[in-house]
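Residue-level structural notes
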Amino acid sequence: MKWENNRQSDQIEDRRSQAGGGGLGGLGGGGRRVGGRGIGLGTVVIALVAGWIFGINPMTLLGVLGGVGDMGAPTEQVQTAPPGPAQAPTDDMGRFVAAVLGGTEDVWGQVFQQGGAQYQKPRLVLFRGATPTACGTGQAAMGPFYCPGDQKVYIDLSFYDTLRRQLGAPGDFAQAYVIAHEVGHHVQNLMGITDQMEQARRRVSEREYNALSVRLELQADCFAGIWAHHNHKSQAILEPGDVEEALNAAAAIGDDALQRKSQGHVVPDSFTHGTSAQRQRWFNAGLQSGNIQSCDTFKAATL
């Protein structure tokens, strides 16, 4: 991946010299980023953005949620960590992350601008071990995650070692896909989809919510594909084998692959992120089309 072509983002908080503790969900298999903690944010992008993107009334984006009962689960209020300084990392991996994030900013900034809205950049936090967030305490063991409560992506870079050594998904473009997926959740947040999911969480059964969570995650995979499409178009970032790296990473963190690896069998009703085949399909859908309308997983008859 020719990541050096990208502008490096200045929205980086490097907390790797700090210590912390706790736990939170991440990119694959480890928990949820919507529901229970840190949801119900004050920043919501104008509904017209969602209407423009999908060509429908934003209130019907998740039309499958209508007519279900209310579980009434309250949102826990969690103390937010004081913001760290925005500083440019000086190590190679830090610069790589900043360049990938810069590429996502440029792509989504243009997409939102075309829709008559302004893209609000997320911040990305580099940490080691654990760190406080507006969604509770984030732990490296849970993988990368996005917290809508503070609009930040959190990554312990040791996850990339896990991706390469334990999950068999090496490569810099595989690592970039991970970042783009989490930024995809930020895009969903700005579109109001995260709030819709929180509302659904209070109304549906756990099984139904899991099914919606799968659609949410697959949409973030599709959004990652859209980033790759447009970032390559503008900066020629892709090299031979890069797409295969991303597809391999998507397969490695599919619910079915992770469950087979951890327990020897799969439980489809417990899936929250999608199967390997589904994650590959939706990333590829965004990559091939570059069109956000192709990412409406909530209206798709089959995943």
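Preceding this paragraph is the structure being described.
The text that follows walks through the structure, step by step, so that each part is easy to find. Computed from a prediction, not measured in an experiment: that's the story for all the values here.

**Re helix α3 (residues 158-165)**
What α3 keeps buried is the set F159, Y160 and L163. Within α3, the buried residues cover an arc of 100° as seen down the axis, which keeps them to one side. Those residues of α3 that are buried are in contact with α2 (92-114), β6 (152-155) and α4 (172-191).

**Points about the packing of aromatic side chains**
For the structure on display, the rule yields seven aromatic pairs. Aromatic side chains W3 and F96 sit 5.7 Å apart centroid to centroid with 90° between the ring planes, which places their arrangement in the edge-to-face category. Here F96 lies in helix α2 and W3 lies in the segment before β1 (12-14), a separation of 93 residues in the sequence. With respect to burial, W3 and F96 carry one shared label: buried. Residues W108 and F223 carry aromatic rings whose centres are separated by 5.4 Å and whose planes lie at 65° to one another, so their mutual orientation is edge-to-face.

**Here's the deal with the packing of α3 against α4**
For the pair α3 and α4, the least separation of the axes is 11 Å and the interaxial angle reads 125°. Relative to α4, the element α3 is oriented oblique. Between α3 and α4 the crossing geometry is right-handed. Listed contacts from α4 to F159, Y160 and L163 of α3 are A174, Q175, V178 and I179. Looking at side-chain class alone, the contact of α3 with α4 contains six nonpolar, one polar and no charged residues.

**Considerations on the state of the cysteines**
Counted under the stated rule, the structure contains two disulfides. One disulfide in the model links C135 with C147; its S-S distance is 2.1 Å. On the S-S bond that ties C135 to C147, the torsion sits near 90°, and the link is right-handed. Residue C135 is located in the loop between β3 (130-133) and β4 (136-139), and its partner C147 is located in strand β5 (residues 145-147); the two are separated by twelve residues in the primary sequence. For the pair C135 and C147, a shared accessibility class is recorded, and that class is buried. One disulfide in the model links C222 with C295; its S-S distance is 2.0 Å. The sign of the -75° torsion about the S-S bond sets the C222-C295 disulfide as left-handed. Taken together, the residues span a long stretch of sequence, with C222 in helix α6 (residues 206-235) and C295 in the segment after α9 (276-289) at a distance of 73 residues. As far as burial versus exposure is concerned, C222 and C295 are alike and both buried. The disulfide pattern of the protein chain is 1-2, 3-4 when the bonded cysteines are numbered in sequence order.

Rules used throughout
- Residues numbered from 1 in each chain as written.
- Predicted model: local features only at pLDDT ≥ 70, side-chain atom pairs only at ≥ 80, totals over all residues.
- Heavy atoms only, no water.
- Buried < 20%, exposed > 50% of the residue type's maximum accessible area, 1.4 Å probe, protein only.
- Helix = DSSP H or I, 4+ residues; strand = E, 2+ residues; numbered from the N terminus.
- Arc of directions from axis to C-beta.
- Contact = heavy atoms within 4.5 Å.
- Phe/Tyr/Trp six-rings, centres within 6.5 Å; stacked < 30°, edge-to-face > 60°.
- Axes fitted to C-alpha atoms, helices over the stretch in contact; angles between N-to-C directions.
- Parallel < 35°, antiparallel > 145°, perpendicular 65-115°, else oblique.
- Left-handed = near helix turned anticlockwise from the far one by under 90°.
- Nonpolar A, V, L, I, M, F, W, Y, C, P; charged D, E, K, R; others polar.
- Disulfide = S-S within 2.5 Å.

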